[in-house]
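# Understanding the architecture of this molecule
Single-letter residue listing:
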Amino acid sequence: MKFNTKVIHAGVEPDSATGAIMTPIYQTSTYVQQEIGKHKGYEYSRTGNPTRAALESSIAQLENGKYGACFGSGLAAIDCVIKMLKPGDQVISTNDLYGGSYRIFKTIFEKYGIEFHFVDMLNVDNVKAKINDNTKLIWIETPTNPMMNIIDIKAIANLVQGSDVIVGVDNTFATPYLQTPLDLGADIVMHSVTKFLGGHSDVVMGALVTKDDTIAEEIYRIQNSSGAVCGPMDSFLVLRGIKTLHLRVQRHSENGKVIAEFLQSHPLVDMVYWPGFESHPNHNVAKSQMSGFGGMVSFTLKGDSLDKAKKIVSKTKLFTLAESLGGVESLIGHPSTMTHASIPREERLKSGVKDSLIRLSVGVEDASDLVKDLENSFL
Ligand SMILES: *Cc1c(COP(=O)(O)O)cnc(C)c1O
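A brief look at the structure comes next. Per chain, residues are indexed from 1 in the order of the written sequence. In keeping with the model being predicted, local features are shown solely for residues with a pLDDT of at least 70 and side-chain atom pairs are shown and tallied solely at 80 or more, while totals for entire chains, interfaces and linings include all residues. Water and hydrogen atoms play no part in the side-chain values, which are based on all heavy atoms of the structure.

With that settled, consider the overall build of the protein chain. Runs of E in the DSSP output that reach at least two residues are strands. Runs of H or I that reach at least four are helices, and both are numbered from the N terminus. Secondary structure assignment for the protein chain yields 14 helices and 12 strands. Relative to the compact-globule value of 21 Å for 379 residues, the protein chain shows a C-alpha radius of gyration of 21 Å, a close match. Categorising residues by exposure relies on relative accessible area from a 1.4 Å probe, with only protein chains included: less than 20% of the type maximum marks a residue as buried, more than 50% marks it as exposed, and the intermediate range marks it as partly exposed. Per-residue burial for the protein chain yields a buried fraction of 53% across its 379 residues. Two residues qualify as a contact provided that any one of their heavy atoms is within 4.5 Å of a heavy atom in the partner residue. Counting only contacts in the protein chain whose residues sit at least 6 apart along the sequence, the fraction spanning at least 24 positions is 72%. Only four residue types enter the charge count, namely Lys and Arg as positive and Asp and Glu as negative; His and the chain termini do not. One atom stands in for each charge, and that atom is NZ of Lys, CZ of Arg, CG of Asp or CD of Glu. The distance from the centre of the 37 positive side-chain charges to the centre of the 42 negative ones in the protein chain is 2 Å. With the radius of gyration taken over C-alpha atoms, the globule rule is written as 2.2 Å times the number of residues to the power 0.38.

Set out below in structure tokens:
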């Protein structure tokens, strides 16, 4: 099945009890047993729920994987991955990581004896230099937030091919429509389903996908033992959201291009960060591992004025000032005072998060209205 067919059909079978075409919301915690140990495959909804199972199968197929597992949030999915490790194990990750991932690594798991190394993954040699016998996981995120850096998944996966080092990719920004990391050699794909997969800013959820039988067994064991599962109503909403994933991300990408080009030609704008530009430092890697460039666009202002940036984010009307991304509506954010406020200014500046940096999640509205909205906000 091609991707555009999978989003409609994968994982969704007519309901065996009633014939309902859409997977019902199985709002139940438990299931009748005909006799002790004899049931229809479901015993308790932490372990398994038919609505969640349909979604897990759908997401697994979208990522060209075999097994999917859904969680109460993206961070709960990451929590599950790190729980596959033990004290003394080491993780290599990018220094340009989603803040919440950095926080769970540093403030939760470091005290259990797991060691984290954060390196500039744009240079694969930096990853290579940190690999040793205790390395058990390499955690990649690409494109990164908010600088839209592109990391070469295949080159990093090749470094540890044939070893027991697990390569995980946070694929939240790209979505499986634009990028399928398992095909590039990754072992685990992770999503904050909250963003593009859900697509309507109405659900918080996470997911993991793998095609490895042993890794899947571990994931399901932890999912059931730690219990950070998502509910059936949310699973239903995301199944519904996924049916338009291809249409949405196609439009996000088209609109993203229009907005990125508008910003690049604006006299007040300094830098525009969007992997679709030939001038983007890793444009060629983006072109080889992604089928499009998405609707996430960041930019800075000439003179790096914090006041001007604050004025712009408060003046837009269609671009709503809010955290998060990936919904059908356009959002605008100011990383240095919002998502990255907890990082010291010196550290922020090192990774490019200047005072005037503005991040856009370009939605699927009419592109000319979005351009007009930004034009007005610059006045
Ligand atoms: C939002 C986000 C997460 C965390 O997901 P939640 O659903 O908010 O827990 C992780 N990684 C990336 C890239 C994100 O954007």
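From this point, the narrative continues.
Below, the discussion takes up the side chain of Asp15. Inspection of the secondary structure assignment puts Asp15 in the loop between helix 1 (3-9) and helix 2 (50-62). Of the side chains with opposite charge, Lys40 comes closest to the buried, unpaired Asp15, at an N-O distance of 10 Å. At a separation of 2.8 Å, a polar atom in the side chain of Asp15 contacts the side chain of Thr18. If near-sequence neighbours (up to four positions away) are discounted, Asp15 is found in contact with Ala20, Pro24 and Tyr26. Salt bridge criterion: a side-chain nitrogen from Lys or Arg within 4 Å of a carboxyl oxygen from Asp or Glu. Pairing of N or O atoms within 3.5 Å defines a polar contact, subject to two protein rules: one partner must be a possible hydrogen donor and the other a possible acceptor, and residues neighboring in sequence count only if both atoms are side-chain atoms.

This brings us to the site of the ligand. In the vicinity of the ligand there are 14 residues, among which Gly74, Asp170, Ser192, Thr194 and Lys195 approach most closely. One nitrogen or oxygen atom from the main chain of Leu75 is found 2.9 Å from an oxygen atom belonging to the ligand. The protein chains shown are the only cover counted for residues, whose accessible areas, like all others here, come from Shrake-Rupley with a 1.4 Å probe. Considering the ligand on its own, with 380 Å² of exposed area, one finds that the protein chains cover 92% of that surface. Those elements giving two or more residues to the shell around the ligand turn out to be helix 3 (74-82) and strand 6 (188-192). For the shell around the ligand, the class distribution of residues is six nonpolar, five polar and three charged. Think of it this way: one heavy atom of a residue within 4 Å of a molecule or strand is enough to make that residue near it. Three categories are distinguished: nonpolar for Ala, Val, Leu, Ile, Met, Phe, Trp, Tyr, Cys and Pro, charged for Asp, Glu, Lys and Arg, and polar for the others, with Gly belonging to the last.

Buried residues of helix 9 (residues 232-242): Pro232, Ser235, Val238, Leu239, Gly241 and Ile242, and no others. In this fold, the buried residues of helix 9 make contact with helix 1, helix 2 and helix 10 (245-264).

Turning to the nonpolar core, a few remarks are in order. Ile59, Ile259, Leu263, Phe299, Leu360 and Phe378 are the most contacted members of the largest nonpolar core, which totals 62 residues. Among the elements that line this core, the one with the most residues is helix 10, at six residues. The residue makeup of this core includes at least three contributed by each of domain 1 (3-242) and domain 2 (245-378). Here Phe299 is in contact with Leu263, Val269, Met271, Val272, Tyr273, Ser356, Leu357, Ile358, Leu360 and Phe378, once residues within four sequence places are set aside. Nonpolar core, defined: a set of buried Ala, Val, Leu, Ile, Met, Phe, Trp, Tyr and Cys residues in which side-chain atoms within 4.5 Å join the residues together. In terms of nonpolar packing, the next biggest core, distinct from the first, is built from 26 residues, Ala77, Leu85, Ile166 and Leu208 among them. Each domain's extent is set by a domain assignment, obtained either automatically or from a database.

Take the sheet that holds strand 8 (residues 269-273) next. Read across the open sheet, the five strands follow the order 8-9-12-11-10; overall the sheet is mixed. With one partner strand each, in any of the chains shown, strand 8 and strand 10 (320-321) form the two edges of the open sheet. Two strands qualify as a pair provided that DSSP identifies no fewer than 2 bridges between them.

The next subject is the sheet that holds strand 4 (residues 135-141). Read from one edge of the open sheet, seven strands run 1-7-6-5-4-2-3, paired in mixed fashion. Bordering the open sheet on either side are strand 1 (67-71) and strand 3 (115-119), each of which pairs with just one other strand. Across this sheet, the average inter-strand angle for adjacent strands is 20°, counted without regard to direction. Two elements, strand 6 and strand 7 (residues 206-210), share five bridges in a ladder whose sense is antiparallel. Following the sheet pairing, His191 is matched in strand 7 by Ala207. With axes taken as lines fitted to C-alpha atoms, and helix axes fitted only over the stretch in contact, angles between N-to-C directions fall between 0 and 180 degrees.

The pairing test for Phe, Tyr and Trp rings, Trp by its six-membered ring, is centres within 6.5 Å, and the orientation test on the planes gives stacked under 30 degrees, edge-to-face over 60, and tilted for anything in between. What the rule picks out here adds up to 12 aromatic pairs. A centroid spacing of 4.6 Å and a plane angle of 10° characterise the contact between Phe105 and Phe116, whose relative ring orientation is stacked. Of this pair, Phe105 sits in helix 4 (residues 99-109) while Phe116 sits in strand 3; the two residues are 11 residues apart in sequence, bridging distant segments of the chain. A single burial state applies to Phe105 and to Phe116, both of which are buried. Their ring planes at 75° and their centres at 5.4 Å tell us that Trp274 and Phe277 sit as a pair that is edge-to-face. Trp274 sits in the buried class, given a relative accessible area of 4%. Here the aromatic residues Tyr102, Phe105, Phe116 and Phe118 are joined through ring pairs into a cluster of three or more.

We now examine the pattern of salt bridges. A full pass over the atoms with the stated rule returns 12 salt bridges. Among the ionic pairs, Glu110 bridges to Lys106, the shortest N-O distance being 3.0 Å. Taken together, the salt bridges that share partners define one network made up of Arg345, Arg348 and Asp355.

What follows covers unusual backbone geometry. Between Thr142 and Pro143 the backbone carries a cis peptide bond, its omega angle lying at -10°. In this chain, Asn145 is followed by Pro146 through a cis amide linkage whose omega measures 0°. Inspection of the secondary structure assignment puts Pro146 in the loop between strand 4 and helix 6 (153-159). For Thr175, which is not a glycine, the phi torsion comes out positive at approximately 65°. Position of Thr175 among the secondary structure elements: in helix 7 (residues 175-178). Residues other than glycine seldom take positive phi values, yet Ser324 does so here, at roughly 80°.

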